[in-house]
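Structural description and commentary
Read off the chains here:
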Amino acid sequence: MRLNPLFLIPFLIAGCVTLPIPMGKRSSSSFPDRLTHLYDYTPLSLQPDARSQKSLDGSYRIHLILTAPQDPSFPQIAVDWYRPGRPGRHPLILISPILAGNDLYINEFARFFAARGLHAVIVYRKKETFSADRGLADVETHLRESVIQLRQVLDWLQTQPEVDPDRIGTFAISLGAMLTVVLAAVDPRIQASVFGLPAGNIPEILMTSRDKAIRKRRMNYMKENNLSEEEFRKQLQEVIVSDPMDFAPAVGPNRILLIAGIFDRVIGFRRSMALWKRMGRPRLILLPTGHYTAALATPWLKLVTYSFLRRQLKAVQ
């Protein structure tokens, strides 16, 4: 007899721990001066090209490719825009995918948000190209460019007549959540954020993660470059600047919902808790799961994350 995973959901929910929202204040000067201008960029006029449209439960999804005609060198940005079916201006939730690019999973949240009156826009990062024959600086370049790309898409979205530019939130999981911690710190337009399964100290995550893909790349890089673990760690610490630990204090705990898995061995539960403390102990949900098994709680998490974002963005009015 096969056990349906959905049977476990009530037990997962029963095991969750939720801590209340503190009334902290956001400080735009809470990260080091050396990091202040890392995510500056030249604003561009983006032009959308609609590739496909699909109706979904009273809302609909449009797949767009954003380009900058005035700058031929600008890389194309692919987005999925889940739009509410009802007329009028609505809040916007900016979404950054997970590292593995599991679009089906992240799309579940986007559909759920849009069906309930929130614009949900998934911004796809360009493919990460880190490999053993490339420098570690590529990792930092990828992280930094991903944050800037989110800001550029947000520039375009806030000019759209159906988007309320004063009510913008973010939702992301895993690596996407780590990137949006930085985004929420450097971009004052972000009013509320849900960070699912994030952690701080990216060099240590890359050094100790038990994720098969990360571990394989780690071992290949050390072997190809004849590095010891300590030498590899030192190089990572030197090149990784876009680390959420440095930006966390600037977000403001009253704007955040953080979700962590107690048995997370991909990024490490202790590192999730270190990031939570660094943020000023915002509202916290602890799942009795690992990194990937947290997906079993998805039906409940969709309700919780939507309720948090709706409540926080309504308070902005």
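Conventions used here
- Residues numbered from 1 in each chain as written.
- Predicted model: local features only at pLDDT ≥ 70, side-chain atom pairs only at ≥ 80, totals over all residues.
- Heavy atoms only, no water.
- Helix = DSSP H or I, 4+ residues; strand = E, 2+ residues; numbered from the N terminus.
- Buried < 20%, exposed > 50% of the residue type's maximum accessible area, 1.4 Å probe, protein only.
- Areas by Shrake-Rupley, 256 points an atom, 1.4 Å probe, with all protein chains shown as cover.
- Axes fitted to C-alpha atoms, helices over the stretch in contact; angles between N-to-C directions.
- Parallel < 35°, antiparallel > 145°, perpendicular 65-115°, else oblique.
- Left-handed = near helix turned anticlockwise from the far one by under 90°.
- Contact = heavy atoms within 4.5 Å.
- Phe/Tyr/Trp six-rings, centres within 6.5 Å; stacked < 30°, edge-to-face > 60°.
- Lys NZ or Arg CZ within 6 Å of the ring centre and 35° of its normal.

Overview of the overall build of the chain
- Assigned secondary structure in the chain consists of 10 helices and 10 strands.
- When burial is assessed residue by residue, the chain has 52% of its 317 residues classed as buried.
- Accessible area for the chain stands at about 15100 Å²; split by element, carbon and sulfur atoms hold 53% of it.

Notes on the packing of helix α3 (residues 137–157) against helix α4 (residues 175–186)
- Between α3 and α4, the shortest axis-to-axis distance is 10 Å and the interhelical angle comes to 60 degrees. With respect to α4, the element α3 is oriented oblique. The interaxial crossing formed by α3 with α4 has right-handed handedness. Of the residues in α4, those in contact with Leu143, Ser146, Val147, Leu150 and Arg151 of α3 are Leu175, Leu179, Thr180, Val182, Leu183 and Val186.

Notes on the packing of aromatic side chains
- All told, the structure shown has eight aromatic pairs when counted by the stated rule.
- Measuring from ring centre to ring centre gives 5.6 Å for tyrosine 105 and phenylalanine 109, while their planes differ by 80 degrees; the resulting arrangement is edge-to-face. Of the two residues, tyrosine 105 and phenylalanine 109 both sit in helix α2 (residues 103–115), four residues apart, roughly one turn of that helix.
- Summarising the aromatic geometry, the rings of phenylalanine 112 and tyrosine 306 are spaced 6.1 Å apart at their centres and angled 80 degrees between planes, so their arrangement reads as edge-to-face. On the criterion of sequence distance, the pair formed by phenylalanine 112 in helix α2 and tyrosine 306 in helix α10 (residues 298–314) is long-range, its members being 194 residues apart. Take phenylalanine 112 and tyrosine 306: they sit in the same class, and that class is buried.
- Seen from the ring of tryptophan 81, arginine 83 lies directly overhead, with NZ or CZ sitting 4.3 Å from the centre.

Nothing here speaks to function; it is all geometry.
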